[in-house]
Structure formats: structure tokens, C-alpha cells
Amino acid sequence: MLGVLFAISQHDLKRLLAYHSIENIGIILMGLGLALIGRSADRPVWVVLGMAGCLLHVWNHGLFKTLLFFGAGSVIHASGTRLMDRMGGLARSIPWTAACFLTGAVAICGLPPLNGFVSEWFVYLGLFHALSGDILPALLVTALAIPVLAIIGALALACFVKVYGAVFLGQPRLPPSTVPHESPLTMRLAMGCLVLACGVIGVFPWSVVPLLNQAIPFLDNALSPSLCSLQSLVPFTALTLAGLTLATGGAGACWWLRRRLRLRRIDYAITWSCGYARPTVRMQYTASSFARMLTHLCRSVLGSRIHTPGIGAVFAEPAYFESHQDDPVLDRTLLPAGRFIQTLFSMARPLQRGLTHLYLIYVAVAVLGLLIWTMPIRSMLERLLVY
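Rules behind the numbers
- Residues numbered from 1 in each chain as written.
- Predicted model: local features only at pLDDT ≥ 70, side-chain atom pairs only at ≥ 80, totals over all residues.
- Heavy atoms only, no water.
- 1 Å grid on protein atoms, 1.4 Å probe; cavity = no way out; pocket = protein on both sides within 12 Å on 5 of 7 lines; lining within 4 Å.
- Points joined across faces, edges and corners; volume = space filled by probe spheres on them.
- Helix = DSSP H or I, 4+ residues; strand = E, 2+ residues; numbered from the N terminus.
- Nonpolar A, V, L, I, M, F, W, Y, C, P; charged D, E, K, R; others polar.
- Polar contact = N/O pair within 3.5 Å; in protein donor to acceptor, adjacent residues only side chain to side chain.
- Contact = heavy atoms within 4.5 Å.
- Axes fitted to C-alpha atoms, helices over the stretch in contact; angles between N-to-C directions.
- Parallel < 35°, antiparallel > 145°, perpendicular 65-115°, else oblique.
- Left-handed = near helix turned anticlockwise from the far one by under 90°.
- Salt bridge = Lys/Arg side-chain N within 4 Å of Asp/Glu carboxyl O.

A. Looking closely at the layout of surface pockets. In this structure, the largest pocket spans a volume of roughly 1200 Å³. Looking at the largest pocket, it is lined by 34 residues, and the ones nearest its centre are Asp85, Ser288, Phe321, Glu322 and Ser323. When residues of the lining of the largest pocket are traced back to their parent elements, those giving at least two are α10 (287-290), α11 (292-297) and β2 (322-324). Across the lining of the largest pocket, the residue classes tally to nine nonpolar, 13 polar and twelve charged.

So this is what it looks like as C-alpha cells:
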């Protein structure tokens, strides 16, 4: 939950995706924890479903997170910036990247019919099996884990609605000198292969079952092949039919909408902006304003820094509103330590002036110090005291 909360409050596109890695690793460990609880409690169903969700989410995360980072690289290649508040309207100029990024966003949110839904569904099934058991510690753990997993999915969905809306929809915020352009064919092919992999695992999840059935027994050698079979625990036929229905329905709706828009005369206008007669791109929602409510509710956990504009005159100067979300490790620990070390070493900078006579003086002082250090000062003092 902390990973997805920190992700929502980010302005940097790549840092936002990095925080979502923390969230997905948490889901992976949730499945692994369920499998270990099942092993200690001698519940093979928990072991199979937890380990299957854990392993499959490792593969799925490698697919859709790579797709999202490729999409982010394509966006940065087109816009020249990583700040989402400076982007907007990129879906018109880079439609291939927009479609691939949308696919990765749907997958990472755990929505059908893509692969993220399947692995999270395994974990959900295992948690519900544990919730229906008679072991009190497992009941307490799963009673907490199920709503937490649901909240994580809801927050991830809100986060990527913010990302996609701020980056690809709305009006362009880039300066007029910047002309966004689509990525080269090699970059688009790489994203296309990952989109295909996400779709295949999501629509045909039974295709990875043989690999999972081979890997699960390594956690518990006591599991029999009949108990390790995922086919008896997961309704793969229903998942495939639902995935095909959703994929076909979505493709058909996109085709119908595109055909309808081509046949009709369309008048384009700027979205109504609170009654302003001449709205500008600055009057549309930014990524920061979209996530403002959630970050405000969690401000005690996130520790956001907000600089509000101060207007104290009738004819005030231009004012700015800024919000910053510091990283607990990088911004609050490593960077201050690095600045302290830099300041400490900068104190020795006046010694390096590039003057030859100063360097000769340094050598003389060093030699004199070595002579003093090697002199038998203690014995000389003892002799003097004796005399």
C-alpha cells in the first residue's frame, strides 16, 4: 500500500513506475506468504494457489512493467521531459505508444482480460480458501490481506487513470518549439511483442499451467501430482471465455466508434473550463491536481512538501504553487549525506590553487612534519628532565 501511495504522489513518470514495482513485489510476497502458511498448516490448496500466484506474478510483472518502462522511454523520447505536468495530448502524435502504454496500465491494475488479472486471481482464490478454513492465525491474516489487496488494485487504477489522462489526453502543454514524434520501428516492435505476451497469458492462462505445475512441488515435496494440479482449483475455461468475450467486445466497440467518427462531421472545441471565455492549457487538470485528494488524505504517511502562493498586495506579482514528494531513502537520506560529504571535501578546495610555490611549501611542511614525527622527542624530554 505504501508503494502505490508514493506512486500516486509522484510527478516523475519513471519514478512513479519504480514505486509500482514495490507494490507488485508486495503482491508477489503475499502469494509466497500464503504458500508458506499453507505448508506449515498442511493445506496443499493454499500452497498451490499461493505459489502459482507468486510465480506467475513474477513473470507478469516482468512483462507489463517492461512494457510500461518502454512506453515511458518512448514518451520521454517524444516530449523531452519526465515530468507529467508538462505533458498532455500525446495520444494524437504518438498513438502506437499510447495504445501500448494503455495495455500495460490495464495489466498492472489487474484488470481482465490481461495477465495481471490472472496472477492476482490465483492469490485471491488462495486467500478465500484460507478465509474459509478453521485455523485462527490464517483467518486473521487473510481477513487483513483480502481488503488490502482490493485497496491496492483500486489505488493502482486511480494512479494510472491520472498518468494516462495527464500524459496522453487533454491539450498539449509542451512548448511550441517541441514537436512530439513517434518512436522508431524497433522501439514499437519491442512494445508490440510485450503487448502480445500480456494478452496471450490473460486470455489463455492455461498455457502457463504446465510450467507452474512443475515448479510448485519444489516448495513442498510432500505434494502429490493430483493435489498440485491447478486445473482442479481454477476455472480456466471460464477465464478463457470471459477473456475472449472482453477482448472481442472491446475490439468491436473500438471499431464501431472509429467507424462512427469517420462518417460524422465532428466539430472540435476546448473543454469547458469553469466558464472562462478563452481558456488555456494551464486551466486543465494536471497530474498533481488529480491526485491532490488522495495525497492530502495520506499526507501524514507521505510527508509531502507543499509551497502555497503568497499574495499580499492588490497588484500582486506572479505566484506559483508547487508540491514535492520526497523519497524517504533517496531524497531524505542519501542526497543529504552526499551533500554533507561534498561540503566537507569542498573545504579543502582552497589548497588546490595551481601555484607551484604553494606546492613546494606543502612539500616542505610535509617533510618537516615527518621529521618531527620520527624524532625521539620522548627520550629527549626525559634526558632534559634528568639533567
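There's more to say after this.
B. Molecular detail of the side chain of Ser288. Mapped onto the elements, Ser288 comes out in helix α10. A polar contact is formed between the side chain of Ser288 and the side chain of Asp85, at a distance of 2.7 Å. In this structure Ser288 touches His11, Asp85 and Ser323, once residues within four positions along its chain are discounted.

C. Region of interest: the packing of helix α3 (residues 44-79) against helix α7 (residues 185-203). Two elements in contact, α3 and α7, have axes separated by 10 Å at closest approach and are oriented at 150°. Considering their axes alone, α3 and α7 lie roughly antiparallel with respect to each other. Our pair here, α3 against α7, has a crossing hand that is left-handed. Contacts from Leu56, Asn60, Leu63, Phe64, Thr66, Leu67, Phe70, Gly71 and Ser74 of α3 reach α7 at Met187, Ala190, Met191, Leu194, Val195, Ala197, Cys198 and Ile201. The class makeup of the residues in the contact of α3 with α7 is 13 nonpolar, four polar and no charged.

D. Representation of the pattern of salt bridges. Per the stated rule, a full pass over the model turns up two salt bridges. The partner of Arg82 in a salt bridge is Asp12, and the shortest N-O contact between them spans 3.2 Å. Remark: Asp12 occurs in the loop between α1 (2-8) and α2 (13-40) and Arg82 occurs in the loop between α3 and α4 (95-108); sequence separation between them is 70 residues. Notably, a salt bridge pairs Arg15 with Asp331, separated by 3.0 Å at the nearest N-O pair. In this pair, Arg15 sits in helix α2 while Asp331 sits in helix α13 (residues 330-346), placing the two residues 316 residues apart along the sequence.

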